[in-house]
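Now for the letters of each chain:
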Amino acid sequence: MPRHDPARLPIYQRRSARHLAYRNGLLWALGNGMASTTLVIYLALDLGAGKIGLGIAMILAARHVVGVLRLGAPMLIGRFLDRKRFCLITYLASTVVLLALPLAASPGLLPSANVSLAALVVLWCTYHLLEYLGTIALWSWLADLVPGRIRGRFLGRRERWMVAGNMAAMLATGWFTWWLPSKSAVAFFGNLNFIWWGSLGYTEPPRWMAYAIAAIVGTGFLMASLVPLARMPRVAARGLVQRGATWRSLGRPLADPRFRRLILFGCWFSFFNGVTQAAQGIYPAKVLGFSLLAMLVLQTAMRLGQLSISPTLGRAADRWGNRSVMMVCLLLVALGPLFYLMATPERRWWLASAWAVWVAYAGINVCLPNLMLKLSPSESNTAYFAGYYTIVGLCYAASTLVGGALVDLFRDQLLLLPGGVALDFYQYNFLVGWITRSLGVCVLLWVREGKARNER
């Protein structure tokens, strides 16, 4: 099929492509909100496997470990397929893998809970690897379709649609997983329970079945998100993708002083973000007693806040620069672990304050990819994106695994601070998370934004 020069595309085709990208983002977010990481964590907790801290950490981190294979994305795109076809194939393959995930979590299908947990992790990793490969191609494709002067606004609007879809999906999933195991659901289905869960030996629907059904429906939305992508125009890729990448070219992000500073910031923030992830995943469910519905309601409220401010932050980034917006948002985001520290079983709703300040993640979600595009040359932006996400992802994975192991080792111990102040492990972990994330602003100061290398 023909590949168009992006500079020669008619205005109406550019506008149509942007609207198709919005629809893709909405449908993808609906699927992602149903088959979310939070749902998979609760599914894993329901298995009753041992070493739950490390198990949750593996769910959060293993997909970043295998993400090192994303370094080959530019070579695969350049030597075998164009970006559009590569994007569609990898996204489709990822949804097929995701369909197998609920089966792995079905009690009795595999020999033990530990084996089921291992299968869950492997499938989750494979799904994200394929999805990330497609995302590398998608970002490069969008970079050529959307002119640099309006890219911030485009990303802000697309983020708004994605937040809206994610929010609706999480609310629906939370309600469904709460309702299905209830007595009202049993009464509603009546004799159908014999055909459905009764045929599996249950007198009422188990909670894992609600999680599994939500994941399957989410996969359907992910498949539907491929339709808008299939209708978007092909555009001729710039240098790197046309020639095919080499391993040497994939090392260019680290050799580039401007981009290397951004990688350093990403590593700092991701590492100290990851240290608290296992604790943040377990603490609400096991210590505070929050249900999946409660957690998804908090996430939905956060998404609602992001929905309202994403376009504004995109315009602010175009006007004052991406780094300035990110610095303000980073200080707000860093407060999240501090509110986790303040939450106890008696005052558990302090947790809601953490999700309120995490609305500021919208600024990072909009500005970081825009800043990456600004600091990378257009002829090799796929290599720069692949390099950034691989290096930063490995930092996140390493710290998350360390954090999960620490949960298993110290979760029942008290730790003394100078002055005789005693904190349990979770409180200590959250205190360190607040301090180190806040210090990320100092690292971000080293990033020099300047002008885009290939402003069009």
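Use the structure listed above.
Residues numbered from 1 in each chain as written. Predicted model: local features only at pLDDT ≥ 70, side-chain atom pairs only at ≥ 80, totals over all residues. Heavy atoms only, no water.

Undergrad: Before we move on, can you summarise the state of the cysteines with the specific residues and values?
TA: Put plainly, two cysteines are in a disulfide when a covalent bond ties their sulfur atoms together. Considering all chains together, one arrives at zero disulfides under this definition. Cysteine Cys267 is unpaired, with the sulfur of Cys395 as its nearest cysteine sulfur at 3.4 Å. On the accessibility criterion, Cys267 (15% relative accessible area) is buried. Among the residues examined, Cys395 registers a relative accessible area of 22% and is labelled partly exposed. (Disulfide = S-S within 2.5 Å. Buried < 20%, exposed > 50% of the residue type's maximum accessible area, 1.4 Å probe, protein only.)

Undergrad: Kindly report on the nonpolar core, identifying the contributing residues and their values.
TA: Across soluble globular proteins, nonpolar side chains have a tendency to be buried as a group. Core analysis: the biggest nonpolar cluster contains 117 residues, and Ile59 and Leu262 have the highest contact counts within it. Per element, the largest residue contribution to this core is 14 residues, and it comes from helix α6 (residues 113–145). Beyond its immediate stretch of four places on either side in the chain, Leu262 contacts Leu368, Leu371, Met372, Leu375, Tyr388 and Val447. (Core = buried A, V, L, I, M, F, W, Y, C linked by side-chain atoms within 4.5 Å. Helix = DSSP H or I, 4+ residues; strand = E, 2+ residues; numbered from the N terminus. Contact = heavy atoms within 4.5 Å.)

Undergrad: Describe a nonpolar patch on the surface, with residues and values.
TA: Taken together, Leu54, Met58, Val65, Leu394 and Leu401 make up a surface patch of nonpolar side chains, about 340 Å² in accessible area. At the level of secondary structure, the elements contributing two or more residues to the nonpolar patch comprise α3 (52–65) and α22 (381–410). Here Met58 is to be found in helix α3. (Patch = residues over 30% accessible without salt bridge, like charges linked within 9 Å, V, L, I, M, F, W, Y side chains within 5 Å. Areas by Shrake-Rupley, 256 points an atom, 1.4 Å probe, with all protein chains shown as cover. Salt bridge = Lys/Arg side-chain N within 4 Å of Asp/Glu carboxyl O.)

Undergrad: Can you tell me about the packing of aromatic side chains, naming the residues and giving the values?
TA: Using the criterion set out here, one finds 19 aromatic pairs in the structure. Taking the centre distance of 6.1 Å and the plane angle of 10° together, the rings of Phe339 and Trp350 count as stacked. Of the two residues, Phe339 sits in helix α19 (residues 336–342) while Trp350 sits in the loop between α19 and α20 (351–357), which places them eleven residues apart along the sequence. Here Trp350 falls in the partly exposed class, since its relative accessible area comes to 32%. (Phe/Tyr/Trp six-rings, centres within 6.5 Å; stacked < 30°, edge-to-face > 60°.)

Undergrad: I'd like to hear about the packing of helix α15 (residues 257–274) against helix α23 (residues 425–444), residue by residue, with values.
TA: At a minimum axis distance of 9 Å, the contact between α15 and α23 shows a crossing angle of 180°. Compared by their axis directions, α15 and α23 come out roughly antiparallel. Of the residues in α23, those touching α15 at Leu264, Phe265, Trp268, Phe269, Phe272 and Asn273 are Thr436, Arg437, Leu439, Gly440, Val443 and Leu444. Counted by class, the contact of α15 with α23 contains eight nonpolar, three polar and one charged residues. (Axes fitted to C-alpha atoms, helices over the stretch in contact; angles between N-to-C directions. Parallel < 35°, antiparallel > 145°, perpendicular 65-115°, else oblique. Nonpolar A, V, L, I, M, F, W, Y, C, P; charged D, E, K, R; others polar.)

Undergrad: Before we move on, can you summarise the side chain of Arg437 with the specific residues and values?
TA: Of note, Arg437 is situated in helix α23. Asp424 provides the closest opposite charge to the buried, salt-bridge-free Arg437, at an N-O distance of 15 Å. Setting aside residues no more than four positions away along its own chain, Arg437 makes contact with Phe269, Phe272, Asn273, Thr276, Gln277, Gln280, Leu330, Val333, Ala334, Pro337, Trp358 and Tyr361. (Lys, Arg positive; Asp, Glu negative; His and termini not counted.)

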